[in-house]
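Okay, here's what each chain looks like letter by letter:
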Amino acid sequence: MPIKEQEIFDIIDRIRDHYHNNIYNRYIRKAFIHMKIPRETQDALDHFTEKTDYYKLQGYQYKELYEQIFAAATFIHHAKEEVMPKIKSILAGGSETIFSRQNGDTDRDRILREMAINNFSANLGIFSDMVNELYIKTANLDKEEHVGRKPVYERMPELKEIGQLLI
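Rules and cut-offs
- Residues numbered from 1 in each chain as written.
- Predicted model: local features only at pLDDT ≥ 70, side-chain atom pairs only at ≥ 80, totals over all residues.
- Heavy atoms only, no water.
- Core = buried A, V, L, I, M, F, W, Y, C linked by side-chain atoms within 4.5 Å.
- Buried < 20%, exposed > 50% of the residue type's maximum accessible area, 1.4 Å probe, protein only.
- Helix = DSSP H or I, 4+ residues; strand = E, 2+ residues; numbered from the N terminus.
- Contact = heavy atoms within 4.5 Å.
- Axes fitted to C-alpha atoms, helices over the stretch in contact; angles between N-to-C directions.
- Parallel < 35°, antiparallel > 145°, perpendicular 65-115°, else oblique.
- Left-handed = near helix turned anticlockwise from the far one by under 90°.
- Nonpolar A, V, L, I, M, F, W, Y, C, P; charged D, E, K, R; others polar.

Trainee: Is there a simple way to explain the nonpolar core in this structure?
Mentor: A general feature of soluble globular proteins is that nonpolar side chains tend to end up buried together. Membership of the largest hydrophobic core comes to 51 residues, with the highest contact counts inside it found for F32, L65, Y66, F75, F120, F127 and L134. Secondary structure elements with two or more residues in this core: α1 (6–23), α2 (39–50), α4 (62–83), α5 (87–91), α6 (107–118), α7 (120–145) and α8 (162–166). Among the elements that make up this core, the one with the highest residue count is α4 (eleven residues). Not counting the four nearest positions on each side in its chain, L65 is found in contact with I3, I8, I12, F48, Y60, L134 and T138.

Structure follows, in structure tokens:
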């Protein structure tokens, strides 16, 4: 049975907005090139943060939503391990790569980039908290809908790692 719970959609919308505005924005995006996450994980995360209108019409299948939550948690883990410790050095060059503007940064761009870099850790923590909130709400709904049967999250062994990935 598809999930069409408005509270779930609201959390996903907040996650999507926070991800695009504070995590995967133009000032930070190139730092993620250095992350070593599987392509299917990145695809699931992209799907999770960009295809929300489709799911509002069709609903989410539990398995698919859990896979997307797991992808977000995996991304968070890798970002904390591989990007956060060296984000300043990764992004110090500003506009010297082929992935950014070639005509140089304005003072405003430099200030916004510095703000994005300095707030990256806090923004990643907020993102992690929102993904955790979504997981808990989804798991509770899963338990309610599968009374007398095993909930979907219990049938997905990789979800046992969610807590470790989000910390």
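Trainee: Help me understand the packing of α2 against α4, please; the structure alone is not making it clear to me.
Mentor: Packed helices, taken two at a time, are described by the angle their axes make and the gap between the axes. Where α2 contacts α4, the two axes come as close as 8 Å, and the packing angle between them is 110°. The pairing of α2 with α4 is recorded here as roughly perpendicular in orientation. Pair α2 / α4 crosses with left-handed handedness. Listed contacts from α4 to T41, Q42, A44, L45, H47 and F48 of α2 are E64, L65, Q68, A71, A72, T74 and F75. Taken together, the residues that form the contact of α2 with α4 break down as seven nonpolar, five polar and one charged.

Trainee: Looking at this model, I keep getting lost on the environment of R108. Mind explaining?
Mentor: Position of R108 among the secondary structure elements: in helix α6. With relative accessibility at 58%, the residue R108 sits in the exposed group. Sequence separation of R108 and P151 is 43 residues, and the distance between their C-alpha atoms is 50 Å.

None of the figures reported here should be taken as evidence of function without further support.
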